[in-house]
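Commentary on secondary and tertiary structure
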Amino acid sequence: MTSAESQPRFGQSVKGLLSDKVGSCSGDVIALTRQVLKGSRSQELLGQAARNMVIQEDAILHSEDSLRKMSIITTHLQYQQEAIQKNVEHSKNLQDQLRHLLK
């Protein structure tokens with residue numbers, strides 16, 4: 001009879017161990033799922049950061065191009081200003097000559 005009594009205890013202890021193992025595995029699966037989700041979120045953030053860098057790089061290149069064009073325009077405006085100043089001086093000389101002739 002002792003062997004009959006040990007059978008249910010053995011079955012119960014195996015069920016208990018199995019239940020503990022299933023609980024432990026469930027916890028491990030939950031932890032693994034959380035880690036995968038964190039990794040997935042990290043990948044999303046890295047992808048978004050990479051896209052933002054590309055956008056910023058395009059903006060920087062566009063700004064650089066705009067600055068280069070503005071520099072060219074500034075140079076042309078300086079040439080025009082110099083030409084206008086020369087014409088103003090020349091017109092002053094002509095006005096002086098006209099006054100001198102009219103006297």
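Residue numbers restart at each chain and count upward from 1, following the sequence in its written direction. Restriction of local features to residues with pLDDT of at least 70 applies here, the model being predicted, together with a cutoff of 80 or more for giving and counting side-chain atom pairs; totals for whole chains, interfaces and linings are based on all residues. With hydrogens and water stripped out, all remaining heavy atoms of the structure feed into the side-chain values.

Examining the overall build of the chain
- Looking only at helices and strands, the chain has one helix and zero strands in total.
- A simple rule labels every residue: compare its accessible area, found with a 1.4 Å probe on the protein chains alone, to the largest value its type can have, and call it buried under 20%, exposed over 50%, or partly exposed in between. Counting over 103 residues, the chain shows a buried share of 0%.
- Accessible surface, the chain: about 9800 Å² in total, of which carbon and sulfur atoms supply 61%. The secondary structure listing takes helices from DSSP runs of H or I that are at least 4 residues long and strands from runs of E that are at least 2 residues long, numbered from the N terminus. The method behind every accessible area is Shrake-Rupley, applied with a 1.4 Å probe, and residues are considered shielded solely by the protein chains displayed.

Digging into a nonpolar patch on the surface
- Together, Val14, Leu18 and Val22 give the surface a local cluster of nonpolar side chains, amounting to about 250 Å² of exposed area.
- Relative accessible area serves as the criterion here: at 32%, Val14 is assigned to the partly exposed category. In this analysis, a patch consists of residues with relative accessible area above 30% that form no salt bridge, clustered at 9 Å for like charges and at 5 Å for the nonpolar side chains Val, Leu, Ile, Met, Phe, Trp and Tyr. Should a side-chain nitrogen of Lys or Arg be within 4 Å of a carboxyl oxygen of Asp or Glu, the pair is scored as a salt bridge.

Comments concerning the pattern of salt bridges
- One pass over the structure, following the stated rule, counts four salt bridges.
- Of the charged contacts, one joins Arg99 and Asp96 as a salt bridge, the two residues approaching to 3.3 Å between their closest N and O atoms. In this pair, Arg99 and Asp96 both sit in helix α1 (residues 2–102), three residues apart, roughly one turn of the helix.
- Linked by salt bridges that have partners in common, Asp65, Arg68 and Lys69 make up one network.

On their own, these measurements won't tell you what the molecule is for.
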